[in-house]
Every structure is written in C-alpha cells, then in structure tokens.
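Observations on chain architecture
Listed below are the residues making up each chain.
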Amino acid sequence: MPFPSTKIHHAIRYFLLLAVFSLISYLFDLYPDIGLVLIGPSIYISYWLKTILLRFIGSLIGGISNLVYLIPTTLIYFGCTGFLLKELWNERGAVRFLSVFALLAFLIYVHFLAWKNLTDYFIANA
C-alpha cells in the first residue's frame, strides 16, 4: 500500500465555519478583500437565484433583502465544497491527489475571478 489511508471526517463543519467567517468579514467589512475572495462565488449564485425567482414569482418576493438569498447560498456552497473535498480525499490511490489538486485549482480560479470582477464592479459603481 503506497499511500497512507488518512481520512478527513469533519471537513464540512470546518467549511461551514469558513462560510460564517466569510459572511461576517464581508458584511461588517472586517477584512474586505479576504471576505470578497471567499464569498464571491456565493454572491454570483445568490444573484442568479434571485433573478430566477423574481422572474417566476416576482410579485410574492419583490421586496426581500439580498441577505435572504446570500446567507443560505453561502452556507450551502461551502457545505457542498467541504463535502466534495472530504469525499475526494477519502478515496484511495494516486487519483485522489490528482482530483483534489484539480478541485483546489478550480476553486482558486473561480474565487479569484469572482473577486476580480466584483472588485472592478464596486470600484466602477463607487
């Protein structure tokens, strides 16, 4: 057995703590750049969800705050990311490292792109 069988058991709860940290840092401007890097994809997902819901049932949910969409979207996004990372890490063999590396590279790219686009948007609309 060339690779040790280390397992991650509680990755989801750590990612949910990261979600809470990113929400607090974004909402209260504690660490604005770090918060925006972490929460960027969740902002895009919550905007997409709000647009879809307003299109179909807009008269019922027209005046709801953006936080109603952002908070659950962030928790679900980070929870699913933690679950996926846990499942990939608990696999066996050399493919585990390749798949975990591919997932982390994709997440870094998506978060960096969201941070860049949102920073440009906030600067243009300031």
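Above this text you will find the structure in question.
Remember, it's a predicted structure, so these values are computed and weren't measured experimentally.

Considerations on the nonpolar core
Phe15, Ala19, Leu38, Tyr77, Phe78, Leu85, Val100, Leu103 and Leu107 form the largest nonpolar core, which has nine residues in total. Discounting chain neighbours no more than four positions away, the residues touching Leu103 are Leu84, Leu85 and Leu88. In this structure, Leu23, Ile39, Leu70 and Leu118 belong to the second largest nonpolar core, which totals six residues.

As for the environment of Leu38
For Leu38, the location among the structural elements is in helix 2 (residues 32-61). Sequence separation between Leu38 and Val20 is 18 residues; the distance between their C-alpha atoms is 10 Å. Sequence-distant contacts of Leu38, that is, excluding residues within four places in its chain, are made with Leu18, Phe21, Ser22, Phe78 and His111.

Regarding the packing of aromatic side chains
All told, the structure shown has five aromatic pairs when counted by the stated rule. Ring centres 5.8 Å apart and planes at 40° place the aromatic pair Phe112 and Trp115 in the tilted group. Of this pair, Phe112 and Trp115 both sit in helix 4 (residues 95-124), separated by three residues, roughly a single helical turn. Phe112 gets classed as partly exposed once you look at its relative accessible area, which sits at 46%. Overall, the relative accessible area of 25% leaves Trp115 in the partly exposed class. If you follow Arg96 out to its NZ or CZ, it ends over the ring of Trp89, 4.8 Å from the centre.

Criteria and thresholds
Residues numbered from 1 in each chain as written. Predicted model: local features only at pLDDT ≥ 70, side-chain atom pairs only at ≥ 80, totals over all residues. Heavy atoms only, no water. Core = buried A, V, L, I, M, F, W, Y, C linked by side-chain atoms within 4.5 Å. Buried < 20%, exposed > 50% of the residue type's maximum accessible area, 1.4 Å probe, protein only. Contact = heavy atoms within 4.5 Å. Helix = DSSP H or I, 4+ residues; strand = E, 2+ residues; numbered from the N terminus. Phe/Tyr/Trp six-rings, centres within 6.5 Å; stacked < 30°, edge-to-face > 60°. Lys NZ or Arg CZ within 6 Å of the ring centre and 35° of its normal.

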